[in-house]
Amino acid sequence: MRLLANQFVSAVLVTDSASTPATLAAGTDYKVHAAQGAIEFLNVTGFTQPFKVDYSFGAAKRTAMFKSPQPEVWLRFDGINTADGNKPVVLDLYRVALNPTKDLSLISDELQRFELSGRVLADVSKDAAGPLGQFGRLIMQG
């Protein structure tokens, strides 16, 4: 499979690189995957490579993905310690890069849950040898 520079192709003509170029037969020597802009070569016997491809292509909208850096946030969790009489607990994570592609199903007959995933990163502005380190702190009622 060889990818072309464009997608939604039509009027594809494939020739070889011989001094007198030979034309490959569509359906016999190659198959066009028009929407993907790809050619699958089926039979290259007797042809001189590299092949030259001439084609037309339709209009397409292109959108780049993941162009901006992943945002980082300070994450604070206020909760209770169920193992210690439901005493209050605060968890601070100084730098967290959340995963924007985690599953969030909005259509369902069941109770929904929202999962967060990501990476906890070191905050190098904080002293690594300090009492609270560079990643975060856990504060529990005494």
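Definitions and cut-offs
Residues numbered from 1 in each chain as written. Predicted model: local features only at pLDDT ≥ 70, side-chain atom pairs only at ≥ 80, totals over all residues. Heavy atoms only, no water. Helix = DSSP H or I, 4+ residues; strand = E, 2+ residues; numbered from the N terminus. Rg over C-alpha atoms; globule rule 2.2 N^0.38 Å. Buried < 20%, exposed > 50% of the residue type's maximum accessible area, 1.4 Å probe, protein only. Contact = heavy atoms within 4.5 Å. Areas by Shrake-Rupley, 256 points an atom, 1.4 Å probe, with all protein chains shown as cover. Lys, Arg positive; Asp, Glu negative; His and termini not counted. Charge placed at Lys NZ, Arg CZ, Asp CG, Glu CD. Salt bridge = Lys/Arg side-chain N within 4 Å of Asp/Glu carboxyl O. Polar contact = N/O pair within 3.5 Å; in protein donor to acceptor, adjacent residues only side chain to side chain. Pairing = 2+ DSSP bridges.

Turning our attention to the overall build of the protein chain. What the protein chain contains, in helices and strands, is zero helices and nine strands. Walking the protein chain from its N terminus toward its C terminus, one meets helices and strands in the order β-β-β-β-β-β-β-β-β. Since a compact globule built from 142 residues should have a radius of gyration of about 14 Å, the 29 Å found for the protein chain marks it as more spread out than a globular shape. Each of the three principal axes of the protein chain carries a C-alpha extent, and together these read 90 × 45 × 30 Å. Counting every position in the protein chain, which comprises 142 residues, the buried fraction comes to 19%. In the protein chain, 56% of the contacts between residues at least 6 apart in sequence involve partners at least 24 apart. Taken as a whole, the protein chain presents about 10800 Å² of accessible surface, with 56% of it coming from carbon and sulfur. Charge separation in the protein chain, taken as the distance between the mean sites of 14 positive and 14 negative side-chain charges, equals 5 Å.

Now for the pattern of salt bridges. Taken as a whole and assessed by the stated rule, the structure comprises five salt bridges. Ionic pairing is found between Glu-72 and Arg-95, a salt bridge with its closest N-O pair at 2.8 Å. Taken together, the residues Glu-72 in strand E6 (residues 72-81) and Arg-95 in strand E7 (residues 87-98) connect sequence positions 23 residues apart. Judged by its relative accessible area of 43%, Glu-72 falls in the partly exposed class. Note on Arg-95: relative accessible area 26%, which makes it partly exposed. One salt bridge connects Arg-137 with Asp-92, and the closest N-O pair in it is separated by 2.8 Å. Note that Arg-137 is positioned in strand E9 (residues 136-140) and Asp-92 in strand E7, a separation of 45 residues in sequence.

Looking at the element boundaries, Gln-134 is found in the loop between strand E8 (118-121) and E9. Looking at Gln-134, the relative accessible area reads 17%, which means it is buried. A distance of 3.0 Å separates a polar atom in the side chain of Gln-134 from the backbone oxygen of Lys-126. When neighbours within four sequence positions are excluded, Gln-134 is seen to be in contact with Tyr-94, Leu-121, Ala-122, Asp-123, Val-124, Lys-126, Asp-127 and Ala-128.

Ordered in space as E1-E4-E3, the three strands form an open sheet in which the pairing is antiparallel. Taken across any chain shown, the strands that pair with only one partner, and hence form the sheet edges, are strand E1 (2-3) and strand E3 (30-33).

Another point: unusual backbone geometry. Between Gln-49 and Pro-50 the backbone carries a cis peptide bond, its omega angle lying at 10°. By secondary structure assignment, the location of Pro-50 is in the loop between strand E4 (38-41) and strand E5 (52-57). Positive phi, close to 55°, is recorded for Phe-8, a residue that is not glycine. Here Phe-8 is to be found in the loop between E1 and strand E2 (9-15). With phi around 50°, Ala-11 is a residue other than glycine that occupies positive phi space.

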